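# A closer look at the structure
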Amino acid sequence: KIILQVICYCIVLITFVYTSINAFDENDLEKLINTGNCINCDLKHANLEGAYLDQANLMYSDLSGANLKKVKMANANLSHVILIGADLREGDLPSTLLDNATVDNAKLQHINLTSSVINHASFLNSDLSFSHLHGIELKFSFFDNAIMKQADLRRANLSNVSMENVDLSGSRLS
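Residues numbered from 1 in each chain as written. Predicted model: local features only at pLDDT ≥ 70, side-chain atom pairs only at ≥ 80, totals over all residues. Heavy atoms only, no water.

### Some thoughts on the confidence of the model for the protein chain
- Looking at the protein chain, pLDDT values average 90 and 87% of them are 70 or higher.
- Within the protein chain, the element-level pLDDT minimum falls on helix 1 (residues 2-22), averaging 49, and the maximum on strand 1 (residues 117-119), averaging 96.
- A low-confidence stretch, residues 10-21 stays under pLDDT 50, and its non-local contacts, those more than four residues away or across chains, total one contact. (pLDDT = per-residue confidence, 0-100. Helix = DSSP H or I, 4+ residues; strand = E, 2+ residues; numbered from the N terminus. Contact = heavy atoms within 4.5 Å.)

Okay, here's the thing in structure tokens:
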């Protein structure tokens, strides 16, 4: 009986610790939703699916593991943002600034980043299949081991971009 109580206690403790470590700050989420801005915020694992965040300023925020599917975020400032493991499938982010962003292991299929500016960013092991990157300014960034099948890269500026082992099959490059 004591062993069973100890096991139950350990499970509750582990669940509490895991939730505390991976949870977002409720005040930060409320601030973003109410103002469209949240600089240096903790939004890890937040559910923002389908949110309308045009012109949002999320500089220096952590959105690791966040659900941003179908988010509308045109002209947003995502400089120095951490989006490791985030889900941005079908997101609409044209003309967005992603300088010094970390977007590794992210799901970005069908994302629209047309005319966005991405400098000194990392998209290692991310899936950008079917993405719209038309006219994107992409400099000094890393896309190693990314999947970019059937991506639209027409008129993209790819200056000093590392693309080792990138799958560009079916992509439009000119």
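### Let's talk about empty space enclosed by the protein
- Applying the stated criterion across every chain, the model contains one cavity of 30 Å³ or more.
- A volume near 40 Å³ is recorded for the largest cavity.
- Lining the largest cavity we find L83, L88, L93, L98, V103, L108, I111, L113 and F123.
- When the residues that make up the lining of the largest cavity are grouped by side-chain class, the tally is nine nonpolar, no polar and no charged. (1 Å grid on protein atoms, 1.4 Å probe; cavity = no way out; pocket = protein on both sides within 12 Å on 5 of 7 lines; lining within 4 Å. Points joined across faces, edges and corners; volume = space filled by probe spheres on them. Nonpolar A, V, L, I, M, F, W, Y, C, P; charged D, E, K, R; others polar.)

### Concerning the nonpolar core
- One finds L58, L63, L68, M73, L83, F143 and M148 to be the most contacted residues of the largest nonpolar core, which totals 44 residues.
- Among all residues touching L58, those that are not within four sequence positions of it are L32, C38, L43, L63, M73, N77, L78 and V81. (Core = buried A, V, L, I, M, F, W, Y, C linked by side-chain atoms within 4.5 Å. Buried < 20%, exposed > 50% of the residue type's maximum accessible area, 1.4 Å probe, protein only.)

### Digging into the packing of aromatic side chains
- Throughout the structure, instances matching the rule amount to one aromatic pair.
- Plain terms: the ring middles of F123 and F143 are 4.6 Å apart, the flat faces sit at 5 degrees to each other, and that makes the pair stacked. Of this pair, F123 sits in the loop between strand 1 and strand 2 (137-139) while F143 sits in the segment after strand 2, and the two are 20 residues apart along the sequence.
- Since its relative accessible area comes to 2%, F143 is described here as buried. (Phe/Tyr/Trp six-rings, centres within 6.5 Å; stacked < 30°, edge-to-face > 60°.)

### Comments concerning the environment of S174
- Checked against the element boundaries, S174 lands in the segment after strand 2.
- Separated by 20 residues in the primary sequence, S174 and R154 place their C-alpha atoms 4.7 Å from one another.

### Observations concerning the state of the cysteines
- According to the stated counting rule, one finds one disulfide in the structure shown.
- Put simply, C38 and C41 are joined by a disulfide, and their sulfur atoms are 1.8 Å apart. Between C38 and C41, the S-S torsion sits near -95 degrees, and that sign places the bridge as left-handed. As far as burial versus exposure is concerned, C38 and C41 are alike and both buried. (Disulfide = S-S within 2.5 Å.)

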